[in-house]
Amino acid sequence: MIRVLVAEDQSAVRAGLVLILRSAADIEVVGEAADGEQAVELTRRLGPDLVLMDVQMPRLDGVSATRRIVAERLADVLVLTTFDLDEYVFGALRAGAAGFLLKNTEARELLEAVRTVARGEGIVAPAVTRRLIAEFAAAPAREAEADPAVLEGLTRREREVLGCVGEGLSNAEIAARLDMAEGTVKTHVSRLLAKLELRSRVQAAVLARELGV
């Protein structure tokens, strides 16, 4: 059973998300939060496996709440966004969010995203990842926050895989491009995430774009 906390300040939206999640036999909604502070507090108290986190919330925004939850290793965080504020999205990913969803995501996709993150894969959908990366590329140039030296511990193959992740490719697409077995790609992704001390594949995609891999 996947235990989920829903953090969303708009009551109607929150109710809709809860209704969708509760329609799945393998998902249990253990709590609801109307602001970021409450989200952190309830996560500490209820111990969910995953927090579905809205970016824009009162008292404490979703990025800051995500940073606290991840720093304390309380739960994985799946961020909800409208893509109106790119910096908030990237801030959440840098804070360690396991992935993100658009608010207009279909019910089936929402449930599958929750299951995907709960499995520890940290990827929602390659198409959404590519859209995020496109937004990042179109944003005004800014100084990268990451140190290129972090890549020194990666093998040549791991760097190639990281570059593909940075393009938003799925494991199957990476396997086809690099002429590898899909299982081997998954192993490389897991190893590079561990070496780079990243919690999610989408976080790795952001790093790859920042460093021009």
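Everything below is about the structure shown above.
Below or above, wherever it landed, is the structure these notes cover. Owing to the predicted nature of the structure, the values given are computational and were not obtained by experimental measurement.

This part takes up the side chain of Asp35. Assignment of secondary structure puts Asp35 in the loop between strand 2 (27-33) and helix 2 (36-46). You can call Asp35 buried: its relative accessible area is 9%. Within the structure, Asp35 has its side chain in polar contact with the side chain of Arg59 (distance 3.3 Å). In this structure Asp35 touches Met57, Pro58 and Arg59, once residues within four positions along its chain are discounted.

Take helix 5 (residues 107-118) next. The terminal C-alpha atoms of helix 5 lie 17 Å apart, and with twelve residues this matches the ideal 16 Å at 1.5 Å per residue to within 8%. Buried-residue contacts for helix 5 involve strand 1 (2-7), helix 1 (11-22), strand 2, strand 3 (50-54), strand 4 (76-81) and strand 5 (99-102).

Further remarks concern the packing of helix 7 (residues 156-166) against helix 8 (residues 171-178). Remark: helix 7 packs on helix 8, axes separated minimally by 10 Å, with the N-to-C direction vectors making an angle of 130 degrees. Between helix 7 and helix 8, the crossing angle belongs to the class labelled oblique. Relative to helix 8, helix 7 is oriented so that their crossing is right-handed. For the pair helix 7 and helix 8, the contacting residues are Arg157, Glu160, Val161, Cys164 and Val165 in the first and Ile174, Arg177 and Leu178 in the second. For the contact of helix 7 with helix 8, a count of residues per class yields five nonpolar, no polar and three charged.

Cut-offs and rules
Residues numbered from 1 in each chain as written. Predicted model: local features only at pLDDT ≥ 70, side-chain atom pairs only at ≥ 80, totals over all residues. Heavy atoms only, no water. Helix = DSSP H or I, 4+ residues; strand = E, 2+ residues; numbered from the N terminus. Buried < 20%, exposed > 50% of the residue type's maximum accessible area, 1.4 Å probe, protein only. Polar contact = N/O pair within 3.5 Å; in protein donor to acceptor, adjacent residues only side chain to side chain. Contact = heavy atoms within 4.5 Å. Expected span 1.5 Å × (residues − 1). Axes fitted to C-alpha atoms, helices over the stretch in contact; angles between N-to-C directions. Parallel < 35°, antiparallel > 145°, perpendicular 65-115°, else oblique. Left-handed = near helix turned anticlockwise from the far one by under 90°. Nonpolar A, V, L, I, M, F, W, Y, C, P; charged D, E, K, R; others polar.

Function cannot be inferred from these measures alone, as they are strictly geometric.
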